[in-house]
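# Tertiary structure, described
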Amino acid sequence: MKIVSLKAEQFDKFAYKHKYKSYYQTTSYAHFMQNFDYSTQYIGIVNDEHVLIGATLLLYKQAFMNHKIAYAPRGMLFNYEKT
């Protein structure tokens, strides 16, 4: 398995098909949170065959004294049956 950076389109394609998706795990929510000074990163996990088996949206922002806070709304979406 390997952790990779995803483009918004790749993340949406995976997230919209996932059984446990929610609005908080969409690019629309990421765009909304940009109004509150959050930046966005899309992270994925691929298996040995380079198939995307997990993805998450990370939101982060400057907190204090050059420290940043980050969180993954509603956690990671993961397909355990494809590991």
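Residues numbered from 1 in each chain as written. Predicted model: local features only at pLDDT ≥ 70, side-chain atom pairs only at ≥ 80, totals over all residues. Heavy atoms only, no water.

Moving on, we come to the overall build of the protein. Within the protein, the secondary structure is distributed over two helices and five strands. Tracing the protein from N to C terminus, the helices and strands come up as β-α-α-β-β-β-β. Along the three orthogonal principal directions, the C-alpha set of the protein runs to about 40 × 25 × 20 Å. Sorting the 83 residues of the protein into buried and exposed places 37% on the buried side. Of all intrachain contacts in the protein linking residues separated by at least 6 positions in sequence, the fraction that spans at least 24 positions is 51%. Only carbon and sulfur atoms are counted for the fraction: they give 55% of the accessible area of the protein, which is about 5,800 Å². Here the protein contributes 10 positively and 6 negatively charged side chains, and the mean placements of these two sets differ by 4 Å. (Helix = DSSP H or I, 4+ residues; strand = E, 2+ residues; numbered from the N terminus. Buried < 20%, exposed > 50% of the residue type's maximum accessible area, 1.4 Å probe, protein only. Contact = heavy atoms within 4.5 Å. Areas by Shrake-Rupley, 256 points an atom, 1.4 Å probe, with all protein chains shown as cover. Lys, Arg positive; Asp, Glu negative; His and termini not counted. Charge placed at Lys NZ, Arg CZ, Asp CG, Glu CD.)

For Gln25, the location among the structural elements is in the loop between α1 (8–17) and α2 (27–33). The class of Gln25 is buried, set by a relative accessible area of 3%. One polar contact links the side chain of Gln25 to the main-chain carbonyl oxygen of Arg74, over a distance of 3.0 Å. (Polar contact = N/O pair within 3.5 Å; in protein donor to acceptor, adjacent residues only side chain to side chain.)

Attention shifts here to the environment of Tyr38. For Tyr38, the position within the fold is in the loop between α2 and β2 (39–46). Measuring from C-alpha to C-alpha, the distance between Tyr38 and Lys61 comes to 4.8 Å, with 23 residues separating the pair along the chain. Apart from the residues lying within four places of it in its own chain, the contact partners of Tyr38 are Met33, Leu59, Tyr60, Lys61, Ile69 and Tyr71.

Of the volumes computed, that of the largest pocket is approximately 200 Å³. For the lining of the largest pocket, the residue count by class is four nonpolar, three polar and three charged. (1 Å grid on protein atoms, 1.4 Å probe; cavity = no way out; pocket = protein on both sides within 12 Å on 5 of 7 lines; lining within 4 Å. Points joined across faces, edges and corners; volume = space filled by probe spheres on them. Nonpolar A, V, L, I, M, F, W, Y, C, P; charged D, E, K, R; others polar.)

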